[in-house]
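Each chain, written out:
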Amino acid sequence: MTMTGRVEGKVAFITGAARGQGRAHAVRLAQEGADIIAVDICRQIDTVRIPLSTSEDLAETADLVKNAGGRIHTAEVDVRDFDALKSAVDAGVEEFGKLDIIVANAGIGNGGQLLHETGEPDWDDMIGVNLSGVWKTVKAGVPHILAGGNGGSIVLTSSVGGLKAYPHTGHYVAAKHGVVGLMRTFAVELGAHNIRVNSVHPTNVNTPLFMNEPTMKLFRPDLENPGPEDMKVVGQLMHTLPIGWVEPEDVANAVLFLASDEARFVTGVTLPVDGGSCLK
């Protein structure tokens, strides 16, 4: 790939960067010239059935970023812990000199019950990570963007579930709708400082959070041992384009656009990367 430097000389703070979408964002921004401050929890959360990221995953992201030509500062952080987030971003800014971009991407999936039957621990962890964690991420990073005085770009990872409802994921839908409220408010409050704030809304993405046994069984309860191909059939029904899901790189390209100066007057936007799912 030719280096076009669309975010040359910029520093990006990315949560949930150990694998999946967060890793793709880190690598894509590094390919285009950014240095990366990358955090992830790298341990399990009690209510989450599928395996979460590991220290090895985060180390692999670091290697990929370096191979792409970027510098990277990593830390193992739970986004529910504001003090840990703040010290991670503070240390990264001390190393790289500034902050220009925030990508609040960390998220979990848990539960699977009807909303009125969802357990309180499932609800509390979901809101804690997928909504409060997004707010805390921006709260930790914004003072550094303001201190730089050159404006910046903030991208929040929501979901198609932040624009419409699906059954059995009501707490997730509530959190992801909440992210849109955060995005719009931050956009209004920070606009005068030339800080743009937008959200991306992916449909199913080919990551460990989606490609796992519990999710496959949720999609195909009619089958004993469903696999990706079985899921694709149902996935295609959710989209206008003939696809079951998108790749992490598809979302990363949208994040790159919003982070770059190409989108210098784009703020307050909910950008779906959804194969036309919102039309269904």
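Quantities reported herein were computed from a predicted structural model and do not represent experimental measurements.

A.B. asks: Before we move on, could you go through helix α1 (residues 20-31) and cite the residues and values that matter?
C.D. replies: The end-to-end C-alpha distance of α1 is 17 Å, a good match for the 16 Å that 12 residues give at a rise of 1.5 Å each. In terms of burial, α1 is a largely internal element, 11 of the 12 residues being buried. Among the residues of α1, Gly-20, Gln-21, Gly-22, Arg-23, Ala-24, His-25, Ala-26, Val-27, Arg-28, Leu-29 and Ala-30 are the ones counted as buried. Downstream of α1 by a residue or two, Gly-33 has a phi angle that is positive, lying close to 105°.

A.B. asks: Could you give an account of the sheet that holds strand β4 (residues 101-104), with specific residues and numbers?
C.D. replies: If you trace the seven strands from one edge of the open sheet to the other, you get β3-β2-β1-β4-β5-β6-β7, paired in parallel fashion. Two strands in the sheet have a free side with no partner beyond their single neighbour: β3 (72-76) and β7 (270-273). Direction aside, the axes of adjacent strands within the sheet are offset by 15° on average. Strand direction decides the pairing type here: strand β5 (residues 152-157) and strand β6 (residues 195-202), joined by six bridges, are parallel. Each residue of the ladder has a partner; that of Val-155, found in β6, is Asn-198. Across the sheet, helix α8 (residues 248-259) is in contact with β4, β5, β6 and β7; its angle to β6 comes to roughly 165°.

A.B. asks: Tell me about helix α4 (residues 120-148), and name the residues and values.
C.D. replies: Under the 1.5 Å per step criterion, the end-to-end length of α4 is 41 Å for 29 residues, consistent within 8% with the ideal 42 Å. The principal kink in α4, of about 40°, is found at Gly-133. Directly after α4, the chain includes Gly-149, whose backbone phi takes a positive value near 70°.

A.B. asks: Please provide a residue-by-residue account of the nonpolar core, values included.
C.D. replies: Counting 42 residues, the largest nonpolar core has Phe-13, Ile-37, Leu-99, Ile-154, Leu-156 and Val-197 as its most contacted members. Only β1 (11-15), β2 (35-40), α3 (82-96), β4, α4, β5, α5 (170-190) and β6 provide two or more residues apiece to this core. Counting 31 residues, the second largest nonpolar core, distinct from the first, contains Val-7, Ala-34, Cys-42 and Ala-254.

A.B. asks: Run through the environment of Thr-61, naming residues and quoting values.
C.D. replies: Along the polypeptide, Thr-61 turns up in helix α2 (residues 55-67). The class of Thr-61 is buried, set by a relative accessible area of 0%. Distance in space between the C-alpha atoms of Thr-61 and Ile-72 is 9.2 Å, their sequence separation being 11 residues. If we ignore the near neighbours within four places in the chain, the residues touching Thr-61 are Ala-17, Ala-18, Arg-19, Arg-23, Ala-26 and Ile-72. A polar atom in the side chain of Thr-61 sits 2.9 Å from the side chain of Arg-23.

A.B. asks: Just give me the short version of the environment of Val-173, but keep the residues and values in it.
C.D. replies: Relative to the elements of secondary structure, Val-173 occurs in helix α5. Setting aside anything within four residues of it in sequence, one finds Val-173 in contact with Gly-161, Lys-164, Ala-165 and Tyr-166.

A.B. asks: Tell me about the pairing of β5, residues and numbers included.
C.D. replies: With six of its six residues buried, β5 lies for the most part within the structure. On β5, burial covers both faces: Gly-152, Ile-154 and Leu-156 on one face and Ser-153, Val-155 and Thr-157 on the other are all buried. Note: β4 against β5, four bridges, orientation parallel. The residue bridging Val-103 from the neighbouring strand is Val-155, located in β5. Each parallel crossover has a hand, and the one from β5 via α5 to β6 is right-handed.

A.B. asks: Pulling in residues and values, what's your account of the pattern of salt bridges?
C.D. replies: Proximity of charged atoms lets side chains of opposite charge pair with each other. In the structure shown here, the tally under the stated rule is 13 salt bridges. Ionic pairing is found between Asp-78 and Arg-80, a salt bridge with its closest N-O pair at 2.8 Å. Taking the shortest distance from any N to any O, the salt bridge between Asp-100 and Lys-98 comes out at 3.2 Å. Linked through salt bridges whose partners overlap, the residues forming this network are Arg-43, Asp-78, Arg-80 and Asp-125.

Criteria and thresholds
Residues numbered from 1 in each chain as written. Predicted model: local features only at pLDDT ≥ 70, side-chain atom pairs only at ≥ 80, totals over all residues. Heavy atoms only, no water. Helix = DSSP H or I, 4+ residues; strand = E, 2+ residues; numbered from the N terminus. Expected span 1.5 Å × (residues − 1). Buried < 20%, exposed > 50% of the residue type's maximum accessible area, 1.4 Å probe, protein only. Pairing = 2+ DSSP bridges. Axes fitted to C-alpha atoms, helices over the stretch in contact; angles between N-to-C directions. Contact = heavy atoms within 4.5 Å. Bend = angle between axes of the 7 residues up to and from the residue. Core = buried A, V, L, I, M, F, W, Y, C linked by side-chain atoms within 4.5 Å. Polar contact = N/O pair within 3.5 Å; in protein donor to acceptor, adjacent residues only side chain to side chain. Right-handed = clockwise from strand over helix to strand, strands pointing away. Salt bridge = Lys/Arg side-chain N within 4 Å of Asp/Glu carboxyl O.

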